[in-house]
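Report on the structure
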Amino acid sequence: MEEIIKSWQANAEKDDEKNFYFIRSLKMKDPDKVDRIAKELHEEAFKKIDCLKCGNCCKISTPLVLEEDIIRIADFLKISEAEVKEKYLKKNEWGELTMNALPCPFLETDNSCKIYAARPKDCQEFPHTHKDRFASRSYGHSSNTVVCPAVYYIVENMKKRIR
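This section reports on the structure supplied with the text. Since the structure is predicted, the reported quantities are computational estimates derived from the model, not experimental observations.

The rules we used
Residues numbered from 1 in each chain as written. Predicted model: local features only at pLDDT ≥ 70, side-chain atom pairs only at ≥ 80, totals over all residues. Heavy atoms only, no water. Core = buried A, V, L, I, M, F, W, Y, C linked by side-chain atoms within 4.5 Å. Buried < 20%, exposed > 50% of the residue type's maximum accessible area, 1.4 Å probe, protein only. Helix = DSSP H or I, 4+ residues; strand = E, 2+ residues; numbered from the N terminus. Contact = heavy atoms within 4.5 Å. Disulfide = S-S within 2.5 Å. Polar contact = N/O pair within 3.5 Å; in protein donor to acceptor, adjacent residues only side chain to side chain. Arc of directions from axis to C-beta.

1. Observations concerning the nonpolar core
Residues Phe22, Leu26, Phe134, Met158 and Ile162 are the most contacted members of the largest nonpolar core, which totals 20 residues. For this core, the secondary-structure elements that each account for two or more residues are α2 (16-25), α3 (31-48) and α9 (149-161). No other element matches α9, which puts six residues into this core. In this structure methionine 158 touches Phe22, Leu26, Val34, Ile37, Ala38, Leu41 and Phe134, once residues within four positions along its chain are discounted.

Shown next, in the form of structure tokens:
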């Protein structure tokens, strides 16, 4: 695992443009094959990578927070929905609710999540590499190669499997 994280730290930003063009090129490939390989590599990556050793997504990204997330977080914290909004959320430039601070206000010092059982759907599904239509998320996956060692691992290994 340490080797994967070191490779990501050393190469992700340097490879950013190249990875973007590779991921965009996947739109010209068989989408079922791309999705199958992405899901296989997603499973492989998360067998090798322990998110608690990194936590970068919680340090530099602000997830979208939906109304159902607010209800779940409020219930988990035993506070009102209004209090969740007031204490932890803000509107982004598009009017969507996101966490109000970086790192995430729920990130613990050991990279665990204080509200893990109630975390927003966006956090639950991150980095979205297991979802259908992998190639249609080229901008998100490309930017996430710099955020997440698992995404970088998936993209680098996908290059070897899809020509």
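Now that the structure has been shown, the text picks up again.
2. Observations concerning the state of the cysteines
Going through the model one piece at a time under the given rule, you end up with zero disulfides. For the unlinked cysteine cysteine 54, the closest cysteine sulfur is that of cysteine 148, found at 6.5 Å. Lacking any disulfide linkage, cysteine 113 is separated from the closest cysteine sulfur, that of cysteine 104, by 6.1 Å. Cysteine 113 sits in the partly exposed class, given a relative accessible area of 27%.

3. What to know about the side chain of asparagine 157
The residue asparagine 157 is located in helix α9 in this model. In this structure the side chain of asparagine 157 is engaged in a polar contact, spanning 2.8 Å, whose partner is the backbone oxygen of tyrosine 153.

4. Section: helix α5 (residues 67-77)
For α5, the set of buried residues is Asp69, Ile70, Ile73 and Ala74. Considered in projection along α5, the buried side chains sweep an arc of 130° and stay on one side of the axis. Packing partners of the buried residues in α5 comprise α6 (81-88), β1 (89-91), β2 (97-99) and α7 (121-125). Looking one or two places after α5, you find lysine 78, whose phi comes out positive at around 60°.

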